[in-house]
Amino acid sequence: MTETTNRFLELAVPGVTNLKPYVPGKPISELERELGITDSVKLASNENPLGCSELAKAAIRAELAQVGLYPDGGGVELRAALAAKHGIAPNRITLGNGSNDVLDMIARVFLAPGYESLFSQYAFAVYPISSQAVGATLNIVPAKDYGHDLEEMLNRVGEKTRVIWIANPNNPTGTWLNGEELEGFIAAVPSNVIVVVDEAYIEYVDEPDYPDASQWLDKYPNLIVTRTFSKSYGLASLRVGYGLAHADITDLLNRVRQPFNVNSMALAAAKAALEDQAFIQRSVEMNRVGMAQMTSAFETMGLDYIPSVGNFITVDVGRPAAEVDQGLLRTGCITRPVANYGLPNHLRITIGTEPENSRVLAALRQVLAG
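Thresholds, definitions, all that
Residues numbered from 1 in each chain as written. Predicted model: local features only at pLDDT ≥ 70, side-chain atom pairs only at ≥ 80, totals over all residues. Heavy atoms only, no water. Helix = DSSP H or I, 4+ residues; strand = E, 2+ residues; numbered from the N terminus. Rg over C-alpha atoms; globule rule 2.2 N^0.38 Å. Buried < 20%, exposed > 50% of the residue type's maximum accessible area, 1.4 Å probe, protein only. Contact = heavy atoms within 4.5 Å. Areas by Shrake-Rupley, 256 points an atom, 1.4 Å probe, with all protein chains shown as cover. Lys, Arg positive; Asp, Glu negative; His and termini not counted. Charge placed at Lys NZ, Arg CZ, Asp CG, Glu CD. Salt bridge = Lys/Arg side-chain N within 4 Å of Asp/Glu carboxyl O. Pairing = 2+ DSSP bridges. Axes fitted to C-alpha atoms, helices over the stretch in contact; angles between N-to-C directions. Core = buried A, V, L, I, M, F, W, Y, C linked by side-chain atoms within 4.5 Å. Patch = residues over 30% accessible without salt bridge, like charges linked within 9 Å, V, L, I, M, F, W, Y side chains within 5 Å. Phe/Tyr/Trp six-rings, centres within 6.5 Å; stacked < 30°, edge-to-face > 60°. Lys NZ or Arg CZ within 6 Å of the ring centre and 35° of its normal.

Engineer: It is not clear to me how the overall build of the chain should be interpreted in this structure. Could you clarify?
Structural biologist: When its secondary structure is counted, the chain shows 14 helices and 13 strands. Computed over its C-alpha atoms, the radius of gyration of the chain comes to 21 Å, within 12% of the 21 Å expected for a compact globule of 370 residues. The principal-axis extents of the C-alpha atoms in the chain amount to approximately 55 × 55 × 45 Å. Relative to its 370 residues, the chain shows a buried fraction of 52%. Across the chain, every contact between residues at least 6 apart in sequence was considered, and the portion connecting residues at least 24 apart equals 73%. In the structure as shown, the chain presents an accessible area of about 16,700 Å², 52% of it carried by carbon and sulfur atoms. A distance of 5 Å separates the average location of the 30 positive side-chain charges in the chain from that of its 42 negative side-chain charges.

Engineer: Would you explain the pattern of salt bridges in this entry?
Structural biologist: As a working rule, side chains carrying opposite charge can pair if their charged atoms are close by. Applying the stated rule across the entire model yields twelve salt bridges. Close ionic contact of glutamate 47 with lysine 42 constitutes a salt bridge, the shortest N to O distance being 3.2 Å. Residue glutamate 275 pairs with lysine 271 through a salt bridge whose shortest N-O separation is 3.8 Å. Glutamate 275 sits in the exposed class, given a relative accessible area of 55%. Among the residues examined, lysine 271 registers a relative accessible area of 28% and is labelled partly exposed. In this structure, a network of salt bridges that share partners links the residues Glu199, Asp212 and Arg227.

Engineer: Mind showing me how you'd approach the sheet that holds strand 5 (residues 161-167) here?
Structural biologist: With mixed pairing, seven strands are arranged side by side in an open sheet as 2-8-7-6-5-3-4. Strands with a single pairing partner mark the edges of an open sheet, and in this sheet they are strand 2 (93-96) and strand 4 (137-141). For this sheet, the mean inter-axis angle between neighbouring strands, taken without regard to orientation, is 20 degrees. Note that strand 3 (residues 116-120) and strand 5 share four bridges and pair parallel. Looking at the pairing, glutamate 116 lines up with threonine 161 of strand 5.

Engineer: Help me understand the nonpolar core in this model?
Structural biologist: Generally speaking, a soluble globular protein has its nonpolar side chains buried in company with each other. Among the nonpolar cores identified, the biggest contains 46 residues, and Leu78, Ile164, Ile186, Leu223, Phe229 and Leu235 are the most heavily contacted of them. Per-element tally for this core: the top contributor is helix 11 (residues 264-274), with six residues. Leaving out residues up to four positions away in the same chain, leucine 235 has contacts with Cys52, Ala56, Phe229, Ser230, Ala269, Ala270 and Ala273. Counting residues in hydrophobic clusters, the runner-up holds 27 residues, among them Leu103, Phe119, Tyr122 and Phe124.

Engineer: Any chance you could explain a negative patch on the surface here in plain terms?
Structural biologist: Together, Glu180, Glu181, Asp206, Glu207 and Asp209 make up a negatively charged patch on the protein surface. Inspection of the secondary structure assignment puts glutamate 181 in helix 9 (residues 179-188).

Engineer: What exactly am I supposed to notice about the packing of aromatic side chains here?
Structural biologist: For any pair of aromatic rings, the description rests on two quantities: the centre-to-centre distance and the angle between the ring planes. Within the structure shown, the criterion is met by nine aromatic pairs. Taking 4.8 Å as the distance between ring centres and 20 degrees as the angle between the ring planes, the aromatic pair formed by tyrosine 70 and phenylalanine 260 counts as stacked. Pair noted here: tyrosine 70 is in the loop between helix 4 (54-63) and helix 5 (76-86) and phenylalanine 260 is in the loop between helix 10 (247-256) and helix 11, with a separation of 190 residues, a long-range link. Note on tyrosine 70: relative accessible area 68%, which makes it exposed. Classification of phenylalanine 260 by relative accessible area gives partly exposed; the value is 40%. Among the aromatic residues, those joined into a cluster by ring pairs are Phe124, Tyr127 and Trp165. When the ring centre of phenylalanine 312 is taken as origin, the NZ or CZ atom of arginine 348, which lies over that ring, is 5.8 Å away.

These figures come from the coordinates and say nothing about function on their own.
Written out as structure tokens, the structure is:
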């Protein structure tokens, strides 16, 4: 078996051989099957605890009648709705099977052996995975207060740098950059280097200095902004996201985009979800209250945490988090250890409903008490 495995490793392209697959949060069904329990709580994958908009559900039901047909490969209606939302032309929008799909397209278009991918320590795992898969060199900049050190990132830009990845807010730390510092950085980056600003959690942010990078697209043609419907819009299982960029960049991304990469139900649900901003407001308010519930509890428990503006918070449990995670799983509570991000003592916990938060916090107290 080992000999066969090694033989196939030799056939793989160099960038893939050293990759470690992305590890998703454990599904509820898997945990309950393994431990023979029921009524589990999952606060591991930054999903919306309210689900999705009723308008989106109605759109999904209506689309079922056409399930035997291929989806609109161009996503014309959704792109038109997004164009109206962002005030840009539809030919500047790339649809993806989740925003991860768009990130992967960017890597395939702009990175290759001999080129460099630059990102911060504790950055979203997809950046190194997509970069390394196409053979690019990884330039990982040490974090500053768990977030981006923009000054050092700028110092690292060289002749081989082709893509810079910035998550704002950052996942898994929840840190964020204000408008002045982020735009100043983008303005200083050479125009032949692509800057990706990943705004997957933007709807949750309530900070006066927080920027909407999509407003800068006309000023910086090398800027790409990515968004998702998986978080605040609650459409995680349907996988739909998008990128905003200069039309020439969008043209290149569409050359590598897979045909029919966004399914019909996702297209319909996303378009409908855009129309229900009241649902987004409820989601954001629940997150605000839940975040206060979590941070207050951590302070009472004497646990350090990373202040977050997303729909999750990363907490230092003061010991190897994998052990704490196993204890939480036995109580039916699923959270996310982030040792793979270089934070072995931290758990990332999604903000859920008040009862879900209370249950996980009670379980955490119990596990930490031994």
